[in-house]
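Here is what each chain is made of, one letter per residue.
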Protein chains: 2
Amino acid sequence: MTALRKSDFPLIDVRQHLETGPIVLVTSAWKDETNIMTMGWHMMMQFSPALFGCYIWTGNHSYELIRNSQQCVINVPTVELADQVVAVGNSTGAAVDKFSAFALTAARADRVKAPLIKECYANFECQLFDANLIGEYGLFVWEVVKAHVALSVKNPKTLHYRGRGQFMVAGDTLDFHEKFRAQNL
Amino acid sequence: MTALRKSDFPLIDVRQHLETGPIVLVTSAWKDETNIMTMGWHMMMQFSPALFGCYIWTGNHSYELIRNSQQCVINVPTVELADQVVAVGNSTGAAVDKFSAFALTAARADRVKAPLIKECYANFECQLFDANLIGEYGLFVWEVVKAHVALSVKNPKTLHYRGRGQFMVAGDTLDFHEKFRAQNL
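Bear in mind the structure is a predicted one, so any value in this text is a computation, not a measurement.

Caption draft 1: Highlighting the relation of the copies chain B and chain A. With an RMSD of 0.0 Å, chain B superimposes on chain A once it is rotated by 180° and translated 0.0 Å along the axis. When the rotation and shift are considered jointly, the pair of chain copies conforms to a two-fold rotation axis.

Written out as structure tokens, the structure reads:
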């Protein structure tokens, strides 16, 4: 896999990479430990500051790392990483170091201690914005504080979970911008 | 378009149609009025009862209908309906009856007053489960109380919004179920 060259990406435009609903890899760090988990229950919540909500189950090994550090990175994989995504989702950080086990490369983030996954075309550094919904709903409300995107990746072939072990791969892109009202673009 | 024959669908499996992150059409009814809006900021929140969260902006004409009735239907369109999805998202129910303007057919729901959109392959009837997050985040937490899905539609070619007037269309499906641990399926 060719190394991806990433640029700073405007936080106001984060929705371009998350609103489509891809499976993401969430990285975390706490004390001497790092981990990776797969996650598909998430949504954009606000443009600016860029808020992003996601559900994290208490049973995930990452839960305590994320809860304690109040930080994470949302990494967006594409179809080339499908085997790794499945492996990450079907193993636990309590037993394996997923970075070395699945040949994923940790890179230093700018604003948080959780690592970026180098092989993912987009990485969003997140700081916990609101902890009040974690108890009742497992809902973490994040502020995206820094975004890195490989702009060479046009129309990324992201993975979208259908349940039952099946993933939809992002297909064609349709451009309707000429039919949009200006204020909706 | 051939009429879709829909079946009752198990509420526990709703994620199969919503977790991929499709653009949905939200229908609502209040007093003598019905409306349709497009919506892309949503997520699954719980399996059972099936909870689904979504962001609805106060500026949407549908907001008051949904807020007052505490009900809606989440209708999932496929690519054949792309023109209508764009038209619905770029018009307001304050000025047009979107059902007649865009040739969408309202059908009676079982558990709520909001109509189903017949042309959409899946329809999820929702009752407001928690109103407490509407004020701060515009976040409606819904319980899906009835689901209708056209089972003839395999791997639905849903639309996923990339921003800037562009939609990703659902592509191929990859089956990894043999690599999943049983408890993850």
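Caption draft 2: Representation of the interface of chain B and chain A in the model. Taken together, the 58 residues of chain B in the interface contact 58 residues of chain A. Carbon and sulfur atoms make up 58% of the surface buried where chain B meets chain A, a total of about 5300 Å² over both sides. Connecting chain B to chain A are 2 salt bridges. By residue number, the principal contributor to the side of chain B that touches chain A is strand β12 (residues 166–175) of chain B, which donates 10 residues.

Caption draft 3: Examining the side chain of Glu125 of chain B more closely. Residues and elements named next belong to chain B. Relative to the helices and strands, Glu125 resides in strand β9 (residues 122–130). The side chain of Glu125 is buried and forms no salt bridge, while Arg111, the nearest opposite charge, is found at 6.0 Å. Here the side chain of Glu125 touches Val112 through a polar contact of 3.4 Å, landing on its backbone nitrogen. Dropping the residues within four chain positions of it, Glu125 is found in contact with Cys72, Val73, Ala109, Asp110, Arg111, Val112, Leu116, Glu143, Val144, Val145, Lys146 and His148.

Caption draft 4: View of the UniProt feature "domain: Flavin reductase like" (unreviewed entry) in chain A. The positions that UniProt labels "domain: Flavin reductase like" (unreviewed entry) are, in the present scheme, residues 18–168 of chain A. A helix fraction of 17% and a strand fraction of 41% characterise residues 18–168 of chain A, whose end C-alpha atoms lie 15 Å from each other.

Caption draft 5: Region of the structure containing the environment of Val86 of chain A. Relative to the helices and strands, Val86 of chain A resides in helix α3 (residues 82–89). As for Val86 of chain A and Leu11 of chain A, which are separated by 75 residues in sequence, their C-alpha atoms are 29 Å apart. Contact partners of Val86 of chain A, with chain neighbours within four places excluded, come to Phe167 of chain A together with Phe176, Lys179 and Phe180 of chain B.

Caption draft 6: Focus on helix α2 (residues 62–69) of chain A. All names here are of chain A. Looking only at α2, the buried set comprises Ser62, Tyr63, Leu65, Ile66 and Ser69. Where α2 is buried, its residues touch β2 (24–30), β3 (33–39), β6 (71–76), α5 (134–137) and β10 (139–149). The positive-phi residue at the C-terminal boundary of α2 is Gln70, with phi of around 60°.

Caption draft 7: Spotlight on the pattern of salt bridges. Counted according to the given criterion, the structure contains 8 salt bridges over all chains. The partner of Lys146 of chain A in a salt bridge is Asp8 of chain A, and the shortest N-O contact between them spans 3.1 Å. You can see Lys146 of chain A sitting in strand β10 and its partner Asp8 of chain A sitting in strand β1 (residues 7–8), a full 138 residues away along the chain. By relative accessible area, Asp8 of chain A is classed as exposed at 54%. Of the charged contacts, one joins Lys146 of chain B and Asp110 of chain B as a salt bridge, the two residues approaching to 3.4 Å between their closest N and O atoms. Placement of Lys146 of chain B in strand β10 (residues 139–149) and of Asp110 of chain B in the loop between β7 (106–107) and β8 (116–117) is noted, with a sequence separation of 36 residues between them.

Caption draft 8: Molecular detail of the pairing of strand β3 (residues 33–39) of chain B. All names here are of chain B. Note: strand β2 (residues 24–30) against β3, 7 bridges, orientation antiparallel. By the bridge assignment, Trp30 is partnered in β3 with Glu33. Count of turn residues in the β2/β3 antiparallel hairpin: 2 residues, of which Lys31 carries a positive phi of about 55°.

Caption draft 9: The packing of aromatic side chains, seen in detail. Applying the stated criterion to the full structure yields 16 aromatic pairs over all chains. Taking the centre distance of 5.4 Å and the plane angle of 45° together, the rings of Trp41 of chain A and Tyr55 of chain A count as tilted. Of this pair, Trp41 of chain A sits in the loop between β3 and β4 (42–46) while Tyr55 of chain A is found in strand β5 (residues 51–55), placing the two residues 14 residues apart along the sequence. Given a relative accessible area of 6%, Trp41 of chain A falls into the buried group. Overall, Tyr55 of chain A belongs to the partly exposed group, its relative accessible area being 25%. Note on Tyr63 of chain B and Phe140 of chain B: the rings are 5.9 Å apart at their centroids and 85° apart in plane angle, and the pair reads as edge-to-face. Of this pair, Tyr63 of chain B sits in helix α2 (residues 62–69) while Phe140 of chain B is found in strand β10, placing the two residues 77 residues apart along the sequence. The exposure classification of Tyr63 of chain B matches that of Phe140 of chain B, with both residues buried. In this structure an aromatic cluster arises from ring pairing among Tyr161 and Phe167 of chain A together with Phe176 and Phe180 of chain B.

Analysis parameters
Residues numbered from 1 in each chain as written. Chains lettered and ligands numbered in written order. Predicted model: local features only at pLDDT ≥ 70, side-chain atom pairs only at ≥ 80, totals over all residues. Heavy atoms only, no water. Least-squares fit on C-alpha atoms with pLDDT ≥ 70 in both. Contact = heavy atoms within 4.5 Å. Buried area = accessible area lost by both parts, 1.4 Å probe. Salt bridge = Lys/Arg side-chain N within 4 Å of Asp/Glu carboxyl O. Helix = DSSP H or I, 4+ residues; strand = E, 2+ residues; numbered from the N terminus. Buried < 20%, exposed > 50% of the residue type's maximum accessible area, 1.4 Å probe, protein only. Lys, Arg positive; Asp, Glu negative; His and termini not counted. Polar contact = N/O pair within 3.5 Å; in protein donor to acceptor, adjacent residues only side chain to side chain. UniProt positions renumbered as here; feature names shortened; annotations may be inferred. Pairing = 2+ DSSP bridges. Phe/Tyr/Trp six-rings, centres within 6.5 Å; stacked < 30°, edge-to-face > 60°.

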